[in-house]
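# Overview (structure and organization)
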Amino acid sequence: ALGTGIVSGLSSGVLSKVAPEAKSLVSLLKGTSNRPFGGLMMTPSHAGEGAGAAEISRDITLPFRNENGLIEERATRTLFRFDTRAPGVIRKDGFGPSRDFSYIPDMLNTAAETEKTLIVSETEEGVKAYSNLMGDRGYIYKINVTNARGVSLAKNFQENKDALLDFMRNRRYPGVRDLDYRETRIGELLEESLDYKEYHLSTDDVFKGSIEVLG
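Every value quoted in this text rests on a predicted model; they were computed, and no experiment measured them.

Cut-offs and rules
Residues numbered from 1 in each chain as written. Predicted model: local features only at pLDDT ≥ 70, side-chain atom pairs only at ≥ 80, totals over all residues. Heavy atoms only, no water. Helix = DSSP H or I, 4+ residues; strand = E, 2+ residues; numbered from the N terminus. Buried < 20%, exposed > 50% of the residue type's maximum accessible area, 1.4 Å probe, protein only. Contact = heavy atoms within 4.5 Å. Pairing = 2+ DSSP bridges. Phe/Tyr/Trp six-rings, centres within 6.5 Å; stacked < 30°, edge-to-face > 60°. Salt bridge = Lys/Arg side-chain N within 4 Å of Asp/Glu carboxyl O. Core = buried A, V, L, I, M, F, W, Y, C linked by side-chain atoms within 4.5 Å. pLDDT = per-residue confidence, 0-100.

## Observations concerning the overall build of the chain
Each helix and strand counted, the chain has seven helices and nine strands in total. Evaluated residue by residue, the chain yields a buried proportion of 53% over its 215 residues. A separation threshold of at least 6 residues defines the contact pool for the chain, and within that pool the share at least 24 residues apart is 84%.

Now the structure itself:
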C-alpha cells in the first residue's frame, strides 16, 4: 500500500504504456479493486521518462536478483510517499515499515524480514494519483535516498515479468480457489500497483533529514 500502508494499482492505459506486452495481462482483468492501501507508496522516477524526470544514478552495486527472484538495486534517487500522519510526526519519528502487503507482497525482503520495507512511489504523478484515490486526506512527502536498497515493480514487470508472476503466484491471497481466479486477481493487483508506480524501499536507508513535505 502506498499511503499509510496502502498502495498498489494501475490503469490499463498505464499498463500499455509501461510495456507493450502488458495487453496480455490486461486481458486477465475482470474489474479492478478500489481497496484502499494501508501505507505510503513511493516510486522512483525513471530517467528519460518525460520532462523533469529525475536522473537515477546507481552506486556501488549494479541491479541483481534477490532471494525473491526479483531485480533489486542500490540507487540514489528521489521517491514519494502519501501518508496520513502530519509532518511534525514524521519529522520526529520518521516512517515506520509498511504493514499492508496484501496487494503486492514484500518484493525487497523475505517474510521473516518484512518489518524493514516501506512502500513508496517512483514518481510524483503516481503518488498524487494515489493521494487523489484517498480523497487527498493526508500529506505527500518527497524522500531523497542515497545508495538505498529498493525494488521497482515497473522494472520487474518490464524486464523480469515471469519471475515477478511466479513470486506473486506463490503468495496466498484470501478467496483464491483455483488457478484461473488467482491469475485474474494477480492481474488486478498488478494493474492498480503499476498505476501508482509502486516501489519497495529499505527502511534502513530512509533518514529523517532526507524527507520533505510537498503538500
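## Digging into the environment of Pro105
If you trace the backbone, Pro105 turns up in the loop between helix H3 (87–93) and strand E6 (117–121). The exposure class of Pro105 is buried, given its relative accessible area of 3%. Along the backbone, Pro105 and Asn170 are 65 residues apart, and their C-alpha atoms lie at a distance of 9.8 Å.

## Section: the pairing of strand E7 (residues 139–152)
Relative to E7, strand E5 (residues 71–83) runs antiparallel, the two being bridged by 10 bridges. If you follow Asp83 over to E7, its bridge partner there is Tyr139. With three bridges connecting them, E7 and strand E9 (residues 211–213) associate as antiparallel partners. Bridge assignment links Ile143 to a residue of E9, and that residue is Ile211. Bridging between E7 and strand E8 (residues 198–202) involves three bridges; their strand directions are antiparallel. Residue Ser152 lies in a different strand from E8, and its bridge partner there is Tyr199.

## Here we look at the packing of aromatic side chains
Summed over the entire model, instances satisfying the criterion amount to four aromatic pairs. Between Phe82 and Tyr130 the ring centres are 5.6 Å apart and the planes differ by 75 degrees, which places this aromatic pair in the edge-to-face class. Of this pair, Phe82 sits in strand E5 while Tyr130 sits in helix H4 (residues 124–133), and the two are 48 residues apart along the sequence. A residue is classified by how much of its surface remains accessible, and Tyr130, at 0% relative accessible area, is buried.

## Quick look at the pattern of salt bridges
A full pass over the atoms with the stated rule returns nine salt bridges. With a shortest N-O distance of 2.7 Å, Arg149 and Glu72 are connected by a salt bridge. Remark: Glu72 occurs in strand E5 and Arg149 occurs in strand E7; sequence separation between them is 77 residues. For Arg149, a relative accessible area of 22% corresponds to the partly exposed category. On the basis of relative accessible area, Glu72 is assigned to the buried category, the value being 3%. Through salt bridges with shared partners, a single ionic network connects Glu73, Arg77 and Glu122.

## Focus on the nonpolar core
Ile104, Met107, Leu153, Leu164, Met168 and Leu190 are the most contacted members of the largest nonpolar core, which totals 17 residues. Mapped onto this core, the elements with two or more residues apiece are helix H5 (153–159), helix H6 (161–169) and helix H7 (179–195). Leu79, Tyr141, Val145 and Ile211 belong to the second largest nonpolar core, which has 13 residues in total.

## Section: the side chain of Thr203
Among the secondary structure elements, Thr203 is positioned in the loop between E8 and E9. If we skip the residues at most four places from it in the chain, Thr203 touches Gly96, Pro97, Glu115, Lys116, Thr117 and Leu118.

## Here's the deal with unusual backbone geometry
Most peptide bonds take the trans form, and the phi angle of most residues other than glycine is negative. Of note in the backbone geometry, Asp136 takes a positive phi value of approximately 55 degrees without being a glycine. Relative to the helices and strands, Asp136 is located in the loop between H4 and E7. Residue class for Asp136 comes out partly exposed when judged on its relative accessible area of 47%. For Lys197, which is not glycine, the phi torsion reads 55 degrees and is therefore positive.

## A look at the confidence of the model for the chain
Summing up the model confidence of the chain, the mean pLDDT is 75 and the portion of residues at 70 or higher is 65%. For the stretch residues 5–60, pLDDT sits under 50, and the model shows 218 contacts to residues farther than four places along the chain or on other chains.

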